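What follows is each chain in one-letter form.
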Amino acid sequence: MYFDFYGLKYEPFSLSPDPRFLYLAASHKEALAHLRYGLIQQKGFVVITGEVGTGKTTLIYSLLSQMPQQVISAFISNPVLTRNEFFYLLAHKYGLGEIENKGDFLVKFTRFLEEAHKKKKNVVLIIDEAHCLEKEILEEIRLLSNLETPHSKLINIILTGQPEFNEKLNVPDLRALRQRITLRYELEPLDLKETNAYVQLRMAKAGAKDAGIFTHAAIDSIYEYSGGIPRIINLLCDHALLTGFVKEAKIIDDKIIGECAKETGCLKGDRRGKQTRTLSGKTDHKKHILMWFLIVLLLSASAAFVYVFFSKLEQGREILEKIYQYF
Ligand SMILES: Nc1ncnc2c1ncn2[C@@H]1O[C@H](COP(=O)(O)OP(=O)(O)OP(=O)(O)O)[C@@H](O)[C@H]1O
Ligand SMILES: [Mg+2]
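What counts and how
- Every residue gets a number counted from 1 within its own chain, in the order that chain's sequence is written.
- Whichever chain is written first is A, and whichever ligand is written first is 1; the rest continue in order.
- Side-chain atom pairs in this predicted model are given and counted only at pLDDT of 80 or more, local residue features only at pLDDT of at least 70, and totals for whole chains, interfaces and linings cover all residues.
- Side-chain measures were taken over the full set of non-hydrogen atoms in the model, leaving aside hydrogen atoms and water.
- Any two rings among Phe, Tyr and Trp, with Trp reduced to its six-membered ring, count as a pair given centres within 6.5 Å; such a pair is stacked if its planes are under 30 degrees apart, edge-to-face if over 60, and tilted if neither.
- Here a strand is any run of E in DSSP of at least two residues, a helix any run of H or I of at least four, and the numbering for each starts at the N terminus.
- Buried residues are those whose accessible area, probed at 1.4 Å on protein chains only, stays under 20% of the maximum for their type, while exposed residues exceed 50% and partly exposed ones sit between those limits.
- A positively charged side chain is recorded as over a ring if its NZ (Lys) or CZ (Arg) lies within 6 Å of the ring centre. The angle to the ring normal must also be within 35 degrees.
- Domain start and end points were adopted from an automatic or database domain assignment.
- A patch consists of residues whose relative accessible area exceeds 30% and which take part in no salt bridge; residues with like charges are grouped when within 9 Å of each other, and nonpolar side chains (Val, Leu, Ile, Met, Phe, Trp, Tyr) when within 5 Å.
- The protein chains shown are the only cover counted for residues, whose accessible areas, like all others here, come from Shrake-Rupley with a 1.4 Å probe.
- Salt bridges are defined as contacts in which a side-chain nitrogen from Lys or Arg sits within 4 Å of a carboxyl oxygen from Asp or Glu.

Student: Help me out: how do you make sense of the packing of aromatic side chains in this one?
Tutor: Any pair of aromatic rings gets described here by the distance separating the centres and the angle formed by the planes. If you walk through the whole model with that rule in mind, you get 13 aromatic pairs. When the ring of Tyr94 is compared with that of Phe109, the centres are 5.5 Å apart and the planes differ by 45°; the resulting orientation is tilted. Of this pair, Tyr94 sits in the loop between helix H4 (83–93) and helix H5 (102–118) while Phe109 sits in helix H5, and the two are 15 residues apart along the sequence. Phe109 matches Tyr94 in its accessibility class, with the two residues each being buried. Measuring from centroid to centroid gives 5.0 Å for Phe105 and Phe109, while their planes differ by 20°, and the two rings are stacked. Of this pair, Phe105 and Phe109 both sit in helix H5, four residues apart, which is roughly one turn of the helix. Each member of the pair, Phe105 together with Phe109, is buried. Linked through ring pairs, Phe86, Phe87, Tyr94, Phe105, Phe109 and Phe112 together constitute an aromatic cluster. One Lys or Arg, Arg20, reaches over the ring of Tyr10 and ends 5.6 Å from the middle of that ring. Looking at Lys250, its charged tip hangs above the ring of Phe5, at a distance of 4.0 Å from the centre.

Okay, here's the thing in structure tokens:
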């Protein structure tokens, strides 16, 4: 809708985890390195957790799009499954053909893993939304990871999910699985500079020629409302471009972002970014006013106190009393 107005060829802030728009912030780089390690290691589990919307699924898609040739992978994005459904799905993903029951699956799967091992292929199972996994499925996954030769595991497992997955893993029943986790990483939201780079990169990849469509004050505001969470950044920026288009504003400033935040239900205090510095050099006006009000109050109280103390005049006391009554 607003493509022509801002000189764009594609949608810059789509909510799909499209690897073409991948931006690797420091934390994303580290998480991706952990995921890559999970492909080639011959040991156990890699677990990546991160707040909702921080980019876990996007990183997996990026990993899948550049899969090394020696890796045979299966990706499960919706692991809310019964035990049988889980085995059927795995058989389908690894091309094992029809299976009748768990025993049948295990026979076929073990044969498949041994053949892959002989061909020097790494078999990897990637499960997203791992916080949704039932305990019994987690236990089955652990048992699959027991399939091994005397020298190495036959399957590597990568689990990604929301931070509550860590709590789920902490229950005593799952200690055996916990012990097999060789790497864990918590994906962080973007910081202010990264938020700016993220917005600029997505705009440039969508075809924008002008790097100044979002002002520095707008980026400060986006960071404050989103706390550096990419999904919220996308939501705000998409809305802002639409609002800008309707208002015929070629430049998106902090006012437009503020309006969009209200309309999309983003609250400033909710996810306020950790950093207090700004790109624009502007400070929060409300904070400024409050600070000056307190300074004036303190100065008047001190002046009145000094006046009363030194002159001991009745009038001074009255002034002090009045000031105290007023505040
Ligand atoms: N590193 C990134 N580069 C580009 N876009 C990103 C990145 N991380 C996240 N996004 C964008 O943010 C949105 C949310 O990302 P994603 O779905 O990967 O988050 P998630 O952590 O998997 O969220 P959830 O916990 O809800 O599953 C996507 O639209 C994606 O385009
Ligand atoms: Mg996801």
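Student: For this particular structure, what's the right way to read the domain arrangement of the chain?
Tutor: Quite often, the size of an interface is put as the accessible area lost when its parts meet. Assigned domains of the chain: these are domain 1 (3–16 + 191–264), domain 2 (26–187) and domain 3 (285–326). On a C-alpha basis, the centroid separation for the pair domain 2 and domain 3 is 67 Å.

Student: Would you explain a nonpolar patch on the surface in this entry?
Tutor: Together, Met291, Trp292, Ile295 and Leu299 make up an exposed nonpolar region whose accessible area comes to about 420 Å². In this structure, Met291 sits in helix H13 (residues 285–311).

Student: Explanation requested: unusual backbone geometry in the structure shown.
Tutor: Glycine aside, a negative phi is what most residues show, and trans is what most peptide bonds show. At Glu129, a position not held by glycine, the phi torsion is positive, near 55°. Looking at the secondary structure, you find Glu129 in the loop between strand S3 (122–127) and helix H6 (135–144). Of note in this structure, Glu248 is not a glycine but carries a positive phi near 55°. Following the sequence through the fold, Glu248 ends up in the loop between helix H11 (230–246) and helix H12 (254–264).

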